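A look at the structure
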Amino acid sequence: PEPAGAHPSVAWTNVAAGTTRVALYRWALKGVRDDETLVVVTDQTEMEATLLDLLPQATDTSETASLEYADLDARHHAKWSEALANHVAENRQQVEFRIRSLDASHAARRRILEDQITRATNEKIQIMKRSERATADADYERHLAALEKAANAGDIYAAPVLFGTITVTRTT
C-alpha cells in the first residue's frame, strides 16, 4: 500500500520549533527471532528519537503539501544498511548459541541412552533404547538444519508507512 501523508502540529518544549519533513518506516526483522519496529527519519536527526513520543499529542492540520522525500529515503537506506549488518551478525550469534545448546543437550541425551543400552539385560529394552537413540539423532539433525537455515535468514524488510511534515511550536 501507498504510504500515508500527514502534516500534524504539536506544542513541545524539548525540540526546536519549526516544520520538519518526516518519513516513517516499518521494519520487519526476520531471522531466528522475528520482530517489528518503527523507524523515524527527519530533517532534524535530534528529533528522530522523540518523534514517536510527540505524535500522540499532535493535532492534525488540514495542510497538504507536495514535498520531495528522496533525501530522507536515502538517509533511511543508510540506517537500514547499518541495522541490517548488525541484525545479521546478532542473528548469527543467537543461532550459534542455540547450536551450542542443542549440541550439549543432544550429547547428554545420547550419553544417557548409551548408558541405558549398555546396562539393559533384556534384548527388548536394548532395542527400544536404540530406537530412542535413533529418534533423538533424527530430532537433533532436524533442529540443527532448521537453525542453520535461520542463520542465513537474517534480513530486514522495510516498508514506508508515512511521508509528511510535523510543525512544532514552543510551549512556554
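Read on for an overview of the structure.

Definitions and limits used
- Residues numbered from 1 in each chain as written.
- Predicted model: local features only at pLDDT ≥ 70, side-chain atom pairs only at ≥ 80, totals over all residues.
- Heavy atoms only, no water.
- Helix = DSSP H or I, 4+ residues; strand = E, 2+ residues; numbered from the N terminus.
- Expected span 1.5 Å × (residues − 1).
- Buried < 20%, exposed > 50% of the residue type's maximum accessible area, 1.4 Å probe, protein only.
- Contact = heavy atoms within 4.5 Å.
- Axes fitted to C-alpha atoms, helices over the stretch in contact; angles between N-to-C directions.
- Parallel < 35°, antiparallel > 145°, perpendicular 65-115°, else oblique.
- Nonpolar A, V, L, I, M, F, W, Y, C, P; charged D, E, K, R; others polar.
- Salt bridge = Lys/Arg side-chain N within 4 Å of Asp/Glu carboxyl O.

In this model helix H2 (residues 70-119) runs 72 Å from its N-terminal to its C-terminal C-alpha over 50 residues, within 8% of the 74 Å that 1.5 Å per residue would give. Every buried residue of H2 is listed here: Leu72, His76, Ala83, Leu84, His87, Asn91, Val95, Ile99, Leu102, His106, Leu113 and Ile117. Summarising the contacts, the buried residues of H2 are in contact with strand S3 (18-30), strand S4 (35-42), helix H3 (123-151) and strand S5 (155-169).

As a packed pair, H2 and H3 sit with axes 10 Å apart at the nearest point and diverge in direction by 175°. As judged from the angle between their axes, H2 and H3 are roughly antiparallel. Classifying every residue of the contact of H2 with H3 gives 11 nonpolar, five polar and 12 charged.

If you walk through the whole model with that rule in mind, you get 13 salt bridges. For Asp71, the salt bridge goes to Arg21, with nearest N and O atoms at 2.6 Å. Remark: Arg21 occurs in strand S3 and Asp71 occurs in helix H2; sequence separation between them is 50 residues. Given a relative accessible area of 15%, Arg21 falls into the buried group. Glu114 is paired through a salt bridge with Arg133; the nearest N and O atoms lie 2.7 Å apart. Highlighted residues: Glu114 in helix H2 and Arg133 in helix H3, separated in sequence by 19 residues. The partly exposed category is assigned to Glu114, whose relative accessible area is 27%. A network of salt bridges, in which partner residues are shared, links Arg110, Glu114, Arg133 and Asp137.

Distances and angles like these do not, on their own, reveal function.
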